[in-house]
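Chains, contacts and geometry: an overview
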Amino acid sequence: MTRRPVAAAAAAVLGAAGLAAALTTTATAGPPPRSGPDGGLVAAMARDFKITPDQARDRIAREAGAATTESALKARLGPAFAGAWLNADATELVVGVTTASQIQAVEDAGATPRLVTRTLAQLDALKVKLDRNARDAPAAVPGWYVDTPTNAVVVLARDVAAGRAFAEASGLTGAEVRVERSAERPRPLIDVIGGNAYYFGSSRCSIGFPVDGGFVTAGHCGRAGTATTQPTGSVVGSSFPGNDYAWVRTAAGNTGRPLVNRYPGTVPVRGGTEAAVGSSVCRSGSTTGWRCGTIQQKNASVTYPEGTITGLTRTNACAEPGDSGGSWLTGDQAQGVTSGGSGNCTSGGTIYFQPVNEILQAYGLKLIVEGGSPTTDPTSPTTTTTNPGQTTWQPGVAYAAGSLVSYDGVGYRCLQGHTSQTGWDPPSVPALWERVG
C-alpha cells in the first residue's frame, strides 16, 4: 500500500456518502483560526519536540487536517472503522481497515490504509472485559488500554505473570491481549494547580476549561457540594473513581474566558475537535508550566490507589503534583483535563487526561470558545490581596499578580494571583513565581 502523507490526506476530496468537501491542512470542526498558531504553543512544542518553530507550525497544521480526515472516515466506514493514528512526525495518517473493500475509501481520503484483524468496536469490547474486572486488578497492574496501531488490547504490568493472570481472569485469551512490562505507579495529581489555581479546603487544584456557568476539572479534586475559592463556587457534579471529571458552578462576578494559561501569556480555545493518536498535545499546570508531548493511546484504563479510571487518554507529556485538573490542547482545540500518572518533568513520565467532550456530554455543558459570548455577572467579588510593593513571602497571604516578594534573600514576582500555603514558597512553584533578583 502506498504511503499517503498527511498533507495529501488533508487536501483530498471525499467522493462518496456526501463527503465531497475538500479538506485543507488547516481545517477544523469549528470556526477556522483567525491567525496562525499561538506563539507560546509553538515555542513549547519546539522545546519539547526538539524541532524548529517552523516545523512546529507545520505539524500543527497537519494535525488539524488529520483530525478532520479521521472524523470523516470514521463516519463513512461506520462499524468497520478500526481506528486511526499519526506516525511519529505526524506526516502520515494511517487508518485501520478490516476488509480489502475499505482500502479505496481510505486512499480516496488521502490517508494510508492498514489491513488489521479487529475493528475499533471489537477492541473496545475486549477492553470492557478488563474494565468490568477492575476491582480485582492486582497492585502490579497499573492500567490497560486499546492500542490502535498494533490492533491490540494492552495490559501494563510490573509483574508480567500477574498481568497475564488478570487478563485470563477477565475472560481474555493470550491471542486477544498483550501484556507489557511497565514501571508506572500512577496516582492522581491532587493538591495541585493546572491552568489557573482554585482551592478547596487546604488543597488546590486547577481549572480545566471554562464552560457556561463555571468550569470543568478533575473529579478527584472534590465531591459534589465541595466549596471552592478563587474563584468562589461549588462542585455541582463529580465522578471519581470510574471517571475522573467534575464541574464547578462559579459564583457571581466570575467571568469565563476562552483562554488557557501558558505561563506566561494565554492560548485561545476555539473548539473541541478531538485529535488523532500521534498528535501533539500540550498541557497547562502551575507547578510545571506549559509542557508538550504526543497522544499515545485512547480509551486507556489506569488504576490509582482509590480505584480504576476508564476512558482516559494516555500521553508522554510530563506533569507533577500541582498540575491536576489542568487544560490539554492540540493547537487551539480543547482535548481534556489532567487526571494523573507517573514520573516527573525531570526524567519524563506517562500522564493521563480525561477527554473534555465526555465531561461536556455528561453534564450537558457548553465549552466557552473564542468568538462566543463569555458568561459573566456584573457583581464583582472582593478579595484582599497584597500591594505590588515588595514584602517578605509568607504562607496564608493572598498575592495579586505582579506582587513582589523576597524569599531567602532573593526577589520574586507573582505570575498568577493565589493564596500562599506552607510549602508553596516561590522556589518550589516556579509557575506561580518568577525570580527577579
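Cut-offs used in this document
- Residues numbered from 1 in each chain as written.
- Predicted model: local features only at pLDDT ≥ 70, side-chain atom pairs only at ≥ 80, totals over all residues.
- Heavy atoms only, no water.
- Disulfide = S-S within 2.5 Å.
- Helix = DSSP H or I, 4+ residues; strand = E, 2+ residues; numbered from the N terminus.
- Buried < 20%, exposed > 50% of the residue type's maximum accessible area, 1.4 Å probe, protein only.
- Expected span 1.5 Å × (residues − 1).
- Contact = heavy atoms within 4.5 Å.
- Pairing = 2+ DSSP bridges.
- Phe/Tyr/Trp six-rings, centres within 6.5 Å; stacked < 30°, edge-to-face > 60°.
- Polar contact = N/O pair within 3.5 Å; in protein donor to acceptor, adjacent residues only side chain to side chain.
- Core = buried A, V, L, I, M, F, W, Y, C linked by side-chain atoms within 4.5 Å.
- Right-handed = clockwise from strand over helix to strand, strands pointing away.
- Axes fitted to C-alpha atoms, helices over the stretch in contact; angles between N-to-C directions.

Here we take up the state of the cysteines. Taken as a whole and assessed by the stated rule, the structure comprises 3 disulfides. A sulfur-sulfur distance of 1.9 Å marks the disulfide that ties C205 to C221. The sign of the -70° torsion about the S-S bond sets the C205-C221 disulfide as left-handed. Placement of the pair is C205 in strand β9 (residues 203-206) and C221 in the loop between β11 (214-217) and β12 (227-228), with a sequence separation of 16 residues. Each member of the pair, C205 as well as C221, is classed as buried. Across the disulfide, C318 is cross-linked to C345 (sulfur-sulfur distance 2.0 Å). Disulfide C318-C345: the torsion about the S-S bond is 100°, which places it as right-handed. Linking C318 in the loop between β19 (307-315) and β20 (327-330) with C345 in the loop between β21 (333-344) and β22 (348-355), this pair joins segments that are 27 residues apart in sequence. Like C345, C318 is buried. What connects to what in the protein chain, once the bonded cysteines are numbered by sequence position, is 1-2, 3-4, 5-6.

On to helix α3 (residues 53-77). Helix length check: α3, at 25 residues, gives a terminal C-alpha distance of 36 Å against a target of 36 Å (1.5 Å per residue), a fit within 8%. Within two residues after α3, G78 carries a phi angle of roughly 60°, on the positive side.

Its place among the elements puts T350 in strand β22. On the basis of relative accessibility, which here comes to 13%, the residue T350 falls in the buried class. T350 has contacts with E184, R314, T315, G340, G341 and S342, leaving out every residue within four places of it along the chain.

Note on strand geometry: in a regular strand, side chains alternate between the two faces of the sheet. A large share of strand β18 (residues 289-304) lies buried, amounting to 13 of its 16 residues. Note: strand β4 (residues 143-147) against β18, 4 bridges, orientation antiparallel. Its bridge partner being in β18, Y145 is matched across the sheet by A300. In terms of strand pairing, strand β17 (residues 280-285) meets β18 through 6 bridges, oriented antiparallel.

The geometry of an aromatic ring pair is captured by the separation of the ring centres together with the interplanar angle, meaning the angle of the planes. With the rule as written, the count across this model stands at 7 aromatic pairs. Aromatic pair Y198 and F200: ring centres 6.2 Å apart, planes at 35°, arrangement tilted. Residue class for Y198 comes out buried when judged on its relative accessible area of 1%. Aromatic side chains Y245 and Y363 sit 5.6 Å apart centroid to centroid with 90° between the ring planes, which places their arrangement in the edge-to-face category. One end of the pair, Y245, is in strand β14 (residues 245-250); the other, Y363, is in helix α7 (residues 356-363), with 118 residues separating them in the sequence.

Considering the arrangement of structural elements, one finds N261 in strand β15 (residues 259-261). The sequence separation of N261 and W290 amounts to 29 residues, and the corresponding C-alpha distance is 8.2 Å. Side-chain polar atoms of N261 contact the backbone nitrogen of Y263, separated by 2.8 Å.

Next up on the list: unusual backbone geometry. Cis geometry is found at the peptide bond from Q230 to P231, where omega equals 5°. Locating P231 in the fold gives a position in the loop between β12 and β13 (233-239). Here Y263 and P264 are connected by a cis peptide whose omega angle stands at -5°. Unlike most non-glycine residues, K50 shows phi in positive territory, near 60°. By the element assignment, K50 lies in the loop between α2 (39-49) and α3. Exposure remark for K50: the relative accessible area of 72% places this residue in the exposed category. In this structure, Y263 takes a positive phi of about 50° despite not being glycine. Looking at the element boundaries, Y263 is found in the loop between β15 and β16 (266-268). Residue Y263 is classed as buried on the basis of its relative accessible area of 13%.

Ranked by internal contacts, the top residues of the largest apolar core, which has 34 residues, are V95, W144 and V155. No other element matches the 4 residues that helix α5 (residues 120-132) contributes to this core. V42, V267, V269 and I359 belong to the second-largest nonpolar core, a separate cluster that totals 26 residues.

Looking now at the pairing of strand β6 (residues 177-181). Pairing of strand β5 (residues 152-157) with β6 involves 5 bridges; the strand directions are parallel. Bridge pairing in β6 links A157 to R181. Handedness of the β5-helix α6 (residues 160-169)-β6 crossover: right-handed.

With that settled, the discussion passes to the sheet that holds β12. Ordered by their spatial adjacency, 5 strands build an open sheet running β10-β11-β14-β13-β12, and the pairing between neighbours is antiparallel. The open sheet has two edge strands with one neighbour each: β10 (209-211) and β12. Of the pairings in the sheet, the one linking β10 to β11 comprises 3 bridges and is antiparallel in character. In the sheet register, V211 faces β11, and the bridge partner there is G214. Together, β10, β11, β13 and β14 form the strand contacts of α7, whose direction differs from that of β14 by roughly 60°.

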